[in-house]
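Coordinate inspection notes
Here is how the chains run, residue by residue.
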Amino acid sequence: MSTPDLFDDAPPAPPVPPVPLTQRLAELRRVLHHHAHRYYVLDAPEIPDAEYDRLFQALQGLEAAHPELLTPDSPTQRVGAKPLTQFEPVRHQLPMLSIRTETDTEASGAANFDARVRRELGLTEADPFVEYVTELKFDGLAISLRYEHGVLVQAATRGDGEQGENVTQNVRTIGQIPLRLTPTLATSCAFLPPVLEVRGEVYMRRDDFGKLNEHQIEKGEKTFVNPRNAAAGAIRQLDPSITAQRPLSFFVYGLGEITPVAQGGPKFETHFELLQSLKSWGFPLADQLECAQGATELIAFHARMGQLRDSLPFDIDGVVYKVNSLALQQKLGFVTREPRWAVAHKYPAQEQLTTVLAIDVQVGRTGKLTPVAKLAPVFVGGVTVTNATLHNEDEARRKDVRVGDTIIVRRAGDVIPEIVGVVLNPVRAEPVEAFRQAQGKRVAERGPLFTMPRICPVCGSAAVREDGEADYRCTGGLFCSAQRKEAILHFAHRRAVEVEGLGDKLVEQLVDAGIVKTLPDLYRLDLTALANLDRMAEKSAQNLHEALQKSKQTTLPRFLFGLGIRHVGEATAKALASHFGKLNAIMGETSEVAASVEQLLEVADVGPIVADSIYTFFQQPHNREVVNDLRQAEPEGCGLHWTEGEPAPRTQLPLTGQTFVITGTLPTLSRDQAKDLLEAAGAKVAGSVSKKTHFLVAGSEAGSKLDKARELGIEVLDEAALMTLLASFVGEKT
Ligand code: IVH
C-alpha cells in the first residue's frame, strides 16, 4: 500500500521490503518449537497458553493459505494426519538391542554385573573402579526417532529389533518429542549431526493414566489395565487423532544411527556426555540419571530408587546400569543381541497373573457386604497374595471379574492388592507380553457375572442397598455375628478403648462359642471359662483379664470412637467430646433429651450424614442399654470411666464470630491448612465474599473475590498478616 503523494517534488519514500513468507513461517515455527519445549519438556512455560494458541493459529492460517510451504516438522503437524490402513514396516539401520536382565533382584545382582564387566575387561583387584551410568528402567515401549538435519522424519517401534513399524504420525502427537532440534553451545557438541537416531521410551504418567481411565468410565468405555498397556495401545492406533487424545510422555536413553565422526558427526567420549547433549538438543532426560563408581554405588542406586519407586510419577520395573566409557563399551561388545556393557536390574514385580478361585462376600463391622476375590496364591510386590477386594457390586461388575478367570493382580508399595483386569485370551488386542502368554478363557466358557447376594451370608438377614449408595448392608445389626466380631475388635482397638491381646482369633472364638454377644459381656468373662477356651492357657486368660481391667480407665473420645458409630472416626469422636464435654450431653439421660441433629451439626466437621448417624445410634434402645451397661459402676455395670469435661467454651475463642474467606494461592500454606488454623481460633471460613465477611485472606492469582472484597471495603490479609494475627493469640487464654 502506498500513501498519496502530497508533495509532488518530494522524493518517493523507499519501499519497506516485505518479510518473505518463508521467513515468517520459519520464525513462527521456531518460536512455537521453543515454547513447546518450555511447556512439555522443561515444564516451565514462558508465555500464557492463550498466546501460544494465537501464534499457533497464525501459523495454521498461513499454512492453509500456502499449502506448498508446509513442512513435516511444523508444530501444526502434531495433529491432523489421516488414519492409516496399516503400519509400514521399517528396517532399523542399527538393530534395536535388548538388555540382559539380572533376574536376581537382590543387591548381588549389581555385584555380579560389575564382576562380569571387570572380568571381560581383564581388570584385576588392583585396578580402579569401572564407572557406570545408572538409569531408571521405564515401563513403556521402546521407540527409535530419526532426525535428518534436525527434523524428525521417522519414528519406529522396536518390533523384532531388526524391523519395526512406522508410527511417525502417532509419535508426532507427543508434545515431549521435539519435531525439530535446537543446536546449542551448552555442551561439548555444539552442532547437530546431519543424521541422528535417538532411542528412548514412550510411556504414560500415572496421573495421566488415572485421568484417561476416568474419562473412559465417563464415556462407558473399557478402562486400561495399566499405564504401559495404555501407552502401547495408543502408539499402535491407526488413527493419530485417537493417539492425540491419549497423554503420552517420553524419555531418551540412547542412540541409534548417527553421522560418523569421519563424516563430520560429533564425538562423544562417554554415555553420560552423549545423554547431556541429547538433553540440550531438546529431548527429555529423566532426572534420576547418575554416575556410579563400582558395584557399591550400583547397589546404592538400586536401593535408593527402590525406595523412590512408588512416589515417582511413572512406573519403572527396575534400574539400568551402563558402562560409561564408550571406548570400553566398544571393547566389551555384544553377546547375540545383548550388549555386555549394560544390564537391567529389576525390582520384584508389582503385577502378576493368577486365577480367581472364588468370589466370597465378607460382612464388615457396619454390616457392609464386600465381594472379595479368592486367588490362587501368587507372589507379587514382595508378599504372597491370596485375596483381593472387589469393593462393591458395581466395581466387581465393571471389572467383570468371574470365577475361573485369569486376572492381573497388582500390589505396589504397601497398598492393598488390587485386581487390575481380566485377561481374555485371545480377545485382547494389546500386544503385551503378559497377555500373549496368558492362558485366559474364551468369553463363552466363562462363569456368570457377579451378583451380590440379597441375604447376608453370615446371618441370613436381608441385605439391602439404599438409594444412591454403592454398598449393600446386612440389616441384622448385632444379631449378625460378623458385625459383632468386628464391633468387638473395633472397640478393643489400640486407638479406641484398647484391650491389649484381644485380637481376631480370640474374638472369633469368644463369639463363636457364644460367650460374648455384646460388648458388656467382655467385662463379665469368667476366668475359668476363658482358660477352657481352645488353646487358651491360664496365663493368657489372666493377661486378658488384666487388659480388660486396665481398659476400664479410658477417655471420652476413645469410648465414643470405640462404639463404632457409622461415620464417627477418631477425629469426629474427639470433636464431639470437646464440643459437648459429657456423654450425657450427647446421648441424654433418656433418648428424648439426646442432642438433636441441629446441635450435633454445630460440631466442627460434622455434616448432616454424620449428625444423622450419631442421632440414630443413640435413639436405639439396644445401643443405649449397651452404653449404660458399660459405664455403670460395678458390680451392676462394667465400670468403664473417664473424666468428663465442660462443653468447649466456644464463644470465647479469639476469632469467634469473625467470618473469613480464603482466595488465591498462599505462598506456604494450603487453603485447607489456613482454614484449619482459622477454625481452630474460632473463625468461620466461608466460600464467598459478602457484606458479612470480615476478612479476606488473599494469595497470588486472587481473582474476583479480591475485587469484591475491595469494593465492599473488607480488610484483606496476605499469609504473613494472617500468621501475625494468629500468632498474637498464642499465650492468650482461650
Ligand atoms: S537401553 C542397548 N535404557 O528396556 C541397550 N532400555 O531390553 C538398549 N528400557 O524395551 C536399551 N528403560 O525400551 C535402555 N534406561 C533404559 C531403559 C530401557 C527402559 C527398555 C527398552 C527395552 C528394554 C531393553
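Structure's up top.
Summarised in this report is the structure supplied together with it. Quantities reported herein were computed from a predicted structural model and do not represent experimental measurements. (Residues numbered from 1 in each chain as written. Predicted model: local features only at pLDDT ≥ 70, side-chain atom pairs only at ≥ 80, totals over all residues. Heavy atoms only, no water.)

Across its full length, the chain carries 26 helices and 24 strands. Against the globule reference of 27 Å for 734 residues, the chain gives a C-alpha radius of gyration of 34 Å, more extended than a compact globule. Along the first, second and third principal axes, the C-alpha atoms of the chain reach 110 × 80 × 60 Å. Sorting the 734 residues of the chain into buried and exposed places 45% on the buried side. Here the analysis covers contacts within the chain between residues at least 6 apart in sequence; of these, 66% occur between residues at least 24 apart. Accessible surface, the chain as shown: approximately 37,800 Å² in total, 53% of it carbon and sulfur. Charge separation in the chain, taken as the distance between the mean sites of 79 positive and 95 negative side-chain charges, equals 3 Å. (Helix = DSSP H or I, 4+ residues; strand = E, 2+ residues; numbered from the N terminus. Rg over C-alpha atoms; globule rule 2.2 N^0.38 Å. Buried < 20%, exposed > 50% of the residue type's maximum accessible area, 1.4 Å probe, protein only. Contact = heavy atoms within 4.5 Å. Areas by Shrake-Rupley, 256 points an atom, 1.4 Å probe, with all protein chains shown as cover. Lys, Arg positive; Asp, Glu negative; His and termini not counted. Charge placed at Lys NZ, Arg CZ, Asp CG, Glu CD.)

Surveying the vicinity of the ligand reveals 14 residues, the closest of which are Ile99, Glu135, Leu136, Glu201 and Tyr253. Ile99 places a main-chain nitrogen or oxygen 2.9 Å from an oxygen atom of the ligand. At a separation of 2.8 Å, a nitrogen atom of the ligand approaches a polar side-chain atom of Glu135. In isolation the ligand offers 520 Å² of accessible surface; the protein chains occlude 86% of this area. Put simply, the parts of the chain that give the shell around the ligand at least two residues each are β3 (131–138) and β10 (316–323). Examining the composition of the shell around the ligand, we find that four residues originate from one element, β3, more than from any other. (Near = heavy atom within 4 Å. Polar contact = N/O pair within 3.5 Å; in protein donor to acceptor, adjacent residues only side chain to side chain.)

On to the sheet that holds strand β8 (residues 249–258). Reading across the sheet, the four strands line up as β5-β4-β7-β8 and stay open at both edges, with antiparallel pairing between neighbours. Each end of this open sheet is capped by a strand with a single partner; those strands are β5 (151–157) and β8. On average, each strand axis in the sheet is tilted by 30° relative to the strand beside it, whichever way the strands run. Pairing of strand β4 (residues 141–148) with strand β7 (residues 195–203) involves eight bridges; the strand directions are antiparallel. (Pairing = 2+ DSSP bridges. Axes fitted to C-alpha atoms, helices over the stretch in contact; angles between N-to-C directions.)

A few words on the environment of Arg309. In this structure, Arg309 sits in the loop between α9 (294–308) and β10. Residue Arg309 is classed as buried on the basis of its relative accessible area, which comes to 8%. Those residues within four positions of Arg309 in sequence are excluded, and the remaining contacts are Arg206, Ile316, Asp317, Tyr347, Pro348 and Gln350.

On to the nonpolar core. Counting 53 residues, the largest nonpolar core has Leu502, Tyr523 and Phe618 as its most contacted members. Leaving out residues up to four positions away in the same chain, Leu502 has contacts with Ile488, Leu489, Ala492, Val507, Leu510, Leu522 and Leu544. The next biggest cluster of nonpolar side chains, apart from the first, holds 37 residues, and it includes Val133, Leu181, Val198 and Phe268. (Core = buried A, V, L, I, M, F, W, Y, C linked by side-chain atoms within 4.5 Å.)

Alignment of strand β15 (residues 369–380) against strand β16 (residues 383–389), held across six bridges, turns out to be antiparallel. When the sheet's bridge partners are listed, Val380 is paired in β16 with Val383.

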